[in-house]
Amino acid sequence: MLFKDLPARLATLAHRLLPLRCLLCTEPGADGLDLCPACRTSLPELHNACRCCALPLPAPGVCGACLQRPPPLQQVHAAFLYAPPLDRLLPRYKFHGDLAAGRLMAQLIARAFAGCERPQALVPVPLHRSRLRRRGYDQALELARPLAATLGLPLRADLLRRVRATAAQSELDAAARRRNLRDAFRASDIAMPAHVVLVDDVMTTGATLHAAARALRRAGVERVDAWVCARAP
C-alpha cells in the first residue's frame, strides 16, 4: 500500500515545498490552488442542473428523462461542465498521470460540495484490476481520498468492486455503454451504510454511475447519490 501511494505522496510533498503555479497558464497560483485568478474565473461552473442527473437546465429541477424513467441515483452533483478549459485538465489527470491536476480537481470539488447533504460514506467508482495495473492509479480513489479528508467523511473503497473488465466507455454510444457495464460491479458482502455517495471524475451518459448504484442498492444501500468533477453537456 505504501508503494502504491508513493506517487501521490511525492506530489503532495512537492506541492508543499514549491510555489503555487497555475496548471493552465503557468502564472502564479492563488488561494491555495495551482490556479491563477483569471483561469479560476474561466472554469465552467455548473449552477442550474437536473438534481437526478446533473444535466444542465435553465433552472434547477428534474429533467424530462429522469421524470419518465427515474435513475438509481437520488441526487447527482457536478461541480463543472465538461468544457474548456476543464477538458484539458481532466484528461491530463485521468490518462496521463498528471497527479498535480488531480490534486487541483480534488481541492475544487471539496469546495464545491462542502454544502451538500452529507452521506454516511464516500465510495469511489472502482477500476478493474487489469486497468489499474496499466494506469498505475485509480483516478476516482485519488479524488475521493482528499475529498473525504477535507469534508470529514468516511472513505469506503471496500464496498464496491469492478468484477468484469469492460471496453473503454469513451469509444461507445449510449446503448453500448449500458450493455458494456451490465454486471460489471459487485457490492461487497458486508453491512452497508444507508446513504452513500459515489465519486467519479466525469459523468457522460451516466451508465457507469447507474451500474455502480444498482449494485449498491441491490446490496441494501437505501440511497445512492453521486458527486462528479464534471458533467458532459
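Small disclaimer: the values here were computed from a predicted structure and weren't measured.

(A) Structural detail: the sheet that holds strand S6 (residues 223-231). Spatially, the 4 strands line up as an open sheet ordered S1-S6-S5-S2, and their pairing is parallel. Two strands bound the open sheet, and with one partner strand each, they are strand S1 (76-81) and strand S2 (121-124). Taken over all neighbouring pairs, the strand axes of this sheet differ in orientation by 20° on average, direction set aside. Direction of pairing for S2 relative to strand S5 (residues 195-203): parallel, over a ladder of 4 bridges. Bridge assignment links alanine 121 to a residue of S5, and that residue is valine 196. Most of the contacts of helix H5 (residues 99-112) go to S1, to which it runs at about 125°, and overall it touches S1 and S6.

(B) Seen up close, the environment of aspartate 225. If you trace the backbone, aspartate 225 turns up in strand S6. The spatial distance from the C-alpha of aspartate 225 to the C-alpha of valine 123 is 10.0 Å, given a sequence separation of 102 residues. The residues contacting aspartate 225, other than those within four sequence positions of it, are Leu73, Gln74, Gln75, His195, Val196, Val197 and Leu198. Here the side chain of aspartate 225 touches glutamine 75 through a polar contact of 3.1 Å, landing on its backbone nitrogen.

(C) View of the environment of glycine 206. Within the secondary structure layout, glycine 206 lies in the loop between S5 and helix H9 (207-218). Taking C-alpha positions, glycine 206 is 10.0 Å from valine 76, a pair spaced 130 residues apart along the chain.

(D) Summary view of the nonpolar core. By size, the foremost hydrophobic cluster in this structure holds 38 residues, and its most contacted members are Leu35, Met105, Leu122, Leu147 and Trp227. For this core, the element with the highest residue contribution is H5, accounting for 8 residues. Residues Leu46, Val76, Val125 and Val196 belong to the second largest nonpolar core, which totals 34 residues.

(E) Quick look at the packing of helix H4 (residues 86-96) against H5. In contact at an axis separation of 7 Å, H4 and H5 are set at 120° when each is read in the N-to-C sense. As the angle between them shows, H4 and H5 are arranged oblique. You can see that H4 and H5 cross each other, and the crossing is left-handed. Seen from H4, the contacting residues are Leu86, Leu89, Leu90 and Tyr93; seen from H5, they are Leu99, Ala101, Gly102, Leu104 and Met105. Residue classes in the contact of H4 with H5 are distributed as 8 nonpolar, 1 polar and no charged.

(F) Seen up close, the side chain of histidine 210. Among the secondary structure elements, histidine 210 is positioned in helix H9. When its relative accessible area of 15% is taken as the criterion, histidine 210 is described as buried. Residues in contact with histidine 210, not counting those within four places in the same chain, are Pro71, Pro72, Leu73 and Met203.

(G) Geometry of the environment of proline 60. Inspection of the secondary structure puts proline 60 in the loop between helix H2 (37-42) and helix H3 (64-68). Separated by 10 residues in sequence, proline 60 and cysteine 50 place their C-alpha atoms 6.0 Å apart. Excluding residues that lie within four positions of it along the chain, proline 60 makes contacts with Asn48 and Ala49.

Parameters and conventions
- Residue numbers run consecutively from 1 along every chain, following the written order of its sequence.
- Per-residue local features are limited, in this predicted model, to residues with pLDDT of at least 70; the limit for side-chain atom pairs, both in listing and counting, is 80 or more; totals at the level of whole chains, interfaces and linings are taken over all residues.
- With hydrogens and water set aside, each side-chain value is computed from the structure's full complement of heavy atoms.
- Strand pairing is assigned whenever DSSP identifies at least 2 bridges connecting the two strands.
- Helix and strand labels come from DSSP, where a helix needs a run of H or I of at least four residues and a strand needs a run of E of at least two; each type is numbered from the N terminus.
- Here the axes come from fitting lines to C-alpha atoms, over the contacting stretch only for helices, and the angles between their N-to-C directions go from 0 to 180 degrees.
- In what follows, a contact means two residues having at least one pair of non-hydrogen atoms within 4.5 Å.
- N or O atoms closer than or at 3.5 Å make up a polar contact, with two conditions inside protein: a donor-capable atom paired with an acceptor-capable one, and, for residues adjacent in sequence, both atoms drawn from side chains.
- We call a set of buried Ala, Val, Leu, Ile, Met, Phe, Trp, Tyr and Cys residues a nonpolar core when their side-chain atoms join them within 4.5 Å.
- We call a residue buried when its accessible area falls under 20% of the maximum for its residue type, exposed when it is over 50%, and partly exposed in between, using a 1.4 Å probe and counting protein chains only.
- For classification purposes, angles smaller than 35 degrees are called roughly parallel, those larger than 145 roughly antiparallel, those between 65 and 115 roughly perpendicular, and all remaining angles oblique.
- Should the near helix be turned anticlockwise from the far one by less than a right angle, the crossing is left-handed, and should it be turned clockwise, the crossing is right-handed.
- In this classification, the charged set is Asp, Glu, Lys and Arg, the nonpolar set is Ala, Val, Leu, Ile, Met, Phe, Trp, Tyr, Cys and Pro, and all remaining amino acids, among them Gly, are polar.

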